[in-house]
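# Secondary and tertiary structure notes
Spelled out from the first residue to the last, the chains are:
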Amino acid sequence: MLRTPRWTVRLYILCCAALAVTGLAQMPIFKRYYIADIPGLGWTADFALTHAMHYAFAAVLLALIFMHLTRYVLARRWRLTWTGALRAAFLVTLVGTGFVRVFKNMPDVFFSPTTVMLVDWTHLGAAMGLGLGALAARLAGRQPYVRPRSSVR
């Protein structure tokens, strides 16, 4: 039976939490609402630091996603639960809009303000959807993402 290693689940949760904090830090809300003035949280107002941290945690998240995707595709005995499919759709949207945001940050790339706003809001909405979907699945007692395929069809 293919089991997800516990350390990868913990790393996934840590990455998602860190990406949420560093993603919110990209908006100047920590300085604006004086959260950065709390001792030990001054780093949240440093845009360059939180930007680099966001990219680093995104790279770790992508590595985890591709590691698990490869494991489950090669096993061929697993399928997504409906809550897993919903969260996977949010995750795909989040990664896709994240790639567009990285591309947008390159020096010679220009998008219209409307496109930038649409991508930013979609990225934020996908992050919120992923978090709410995970919370709803946890509260409902659902299996995280996958379940074994039944041998009887």
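Preceding this paragraph is the structure being described.
The text that follows walks through the structure, step by step, so that each part is easy to find. All figures in this text were calculated on a predicted structure; none of them were measured in a lab. (Residues numbered from 1 in each chain as written. Predicted model: local features only at pLDDT ≥ 70, side-chain atom pairs only at ≥ 80, totals over all residues. Heavy atoms only, no water.)

### Focus: the overall build of the protein
Test applied: Only runs of H or I of at least four residues qualify as helices and only runs of E of at least two qualify as strands under DSSP, and these elements are numbered from the N terminus. We call a residue buried when its accessible area falls under 20% of the maximum for its residue type, exposed when it is over 50%, and partly exposed in between, using a 1.4 Å probe and counting protein chains only. Residue contacts are defined here by distance: any two heavy atoms, one from each residue, within 4.5 Å place the two residues in contact. Per-residue and other accessible areas follow the Shrake-Rupley method at a 1.4 Å probe size, with only the shown protein chains counted as cover for residues. Counted as positive: Lys and Arg. Counted as negative: Asp and Glu, with His and the chain ends omitted from the count. In plain terms, the charge of a residue is placed at NZ if it is Lys, CZ if Arg, CG if Asp and CD if Glu.
Assigned secondary structure in the protein consists of five helices and two strands. Along the first, second and third principal axes, the C-alpha atoms of the protein reach 55 × 40 × 25 Å. Out of the 153 residues belonging to the protein, those deemed buried represent 23%. Contacts in the protein between residues far apart in sequence, at least 24 positions, make up 76% of those at least 6 positions apart. On the protein, roughly 10,700 Å² of surface is accessible, and the fraction owed to carbon and sulfur atoms is 71%. With 17 positive and 4 negative side-chain charges, the protein shows a spacing of 29 Å between the two charge centroids.

### Here we look at the side chain of Thr97
Relative to the helices and strands, Thr97 is located in helix H4 (residues 82-104). Residue Thr97 is classed as buried on the basis of its relative accessible area of 10%. Those residues within four positions of Thr97 in sequence are excluded, and the remaining contacts are Val119, Thr122 and His123.

### Remarks on the packing of aromatic side chains
Inclusion rule: Aromatic pairing here means that ring centres of Phe, Tyr or Trp (its six-membered ring) are within 6.5 Å. Orientation follows from the plane angle: under 30 degrees is stacked, over 60 is edge-to-face, and everything else is tilted. Comment: the charge-over-ring label is applied if NZ (Lys) or CZ (Arg) is within 6 Å of the ring centre and within 35 degrees of the ring normal.
Under the defined criterion, the tally for this structure stands at one aromatic pair. Relative to Phe111, the ring of Phe103 has its centre 6.0 Å away and its plane inclined at 50°; by these criteria the two rings are tilted. Phe103 gets classed as partly exposed once you look at its relative accessible area, which sits at 41%. One cation-aromatic arrangement involves Arg71 over Tyr72; the distance from NZ or CZ to the ring centre is 5.8 Å.

### What about the nonpolar core?
Going by this rule: Definition of nonpolar core: a set of buried residues of the types Ala, Val, Leu, Ile, Met, Phe, Trp, Tyr and Cys, connected through side-chain atoms within 4.5 Å.
In this structure, Cys15, Leu19, Leu61, Ile65, Leu91, Leu94, Ala126 and Leu130 together form the largest nonpolar core, which totals eight residues. For this core, the elements supplying multiple residues, two or more each, are helix H1 (6-26), helix H3 (47-75), H4 and helix H5 (113-140). For Cys15, the residues in contact, after removing those within four places along its chain, are Phe57, Val60 and Leu61.

### Focus on the pattern of salt bridges
Inclusion rule: In what follows, salt bridge is the name for a side-chain nitrogen of Lys or Arg lying within 4 Å of a carboxyl oxygen of Asp or Glu.
All told, the structure shown has one salt bridge when counted by the stated rule. Its salt-bridge partner being Arg101, residue Asp120 comes within 1.9 Å of it at the nearest N-O pair. One end of the pair, Asp120, is in helix H5; the other, Arg101, is in helix H4, and 19 residues separate them in sequence.

### Comments concerning the packing of H4 against H5
Under the convention used in this document: Axis angles are defined between N-to-C directions and span 0 to 180 degrees, where every axis is a line fitted to C-alpha atoms and, for a helix, only to the segment in contact. Angular relationships are summarised with four words: roughly parallel below 35 degrees, roughly antiparallel beyond 145, roughly perpendicular across 65 to 115, and oblique for the angles in between. By convention the crossing between two helices is left-handed if the near helix lies anticlockwise of the far one by an angle smaller than a right angle, and right-handed if it lies clockwise. Residues are sorted three ways: Asp, Glu, Lys and Arg are charged, Ala, Val, Leu, Ile, Met, Phe, Trp, Tyr, Cys and Pro are nonpolar, and all the rest, Gly among them, are polar.
Direction vectors running N to C along H4 and H5 enclose 150°, while the axes themselves pass 8 Å from each other. Judged on the interaxial angle alone, H5 and H4 are roughly antiparallel. You can see that H4 and H5 cross each other, and the crossing is left-handed. Across from Thr83, Arg87, Phe90, Leu91, Thr93, Leu94, Thr97, Gly98, Val100, Arg101 and Lys104 in H4, the residues of H5 making contact are Val116, Val119, Asp120, Thr122, His123, Ala126, Ala127, Gly129, Leu130, Gly133, Ala134 and Ala137. Grouping the amino acids of the contact of H4 with H5 by side-chain chemistry returns 11 nonpolar, eight polar and four charged.

### Some details on the environment of Val9
In this structure, Val9 sits in helix H1. In this structure Val9 comes out as partly exposed when scored by relative accessible area, which is 38%. C-alpha separation for the pair Val9 and Leu64, spaced 55 residues apart in sequence, amounts to 9.2 Å.

### Focus on unusual backbone geometry
In the Ramachandran plot, Tyr34 falls in the positive-phi region, its phi being about 60° despite a non-glycine side chain. Looking at the element boundaries, Tyr34 is found in the loop between helix H2 (29-32) and H3. For Tyr34, a relative accessible area of 59% translates into the label exposed.

Function cannot be read off these values alone, since they describe shape.
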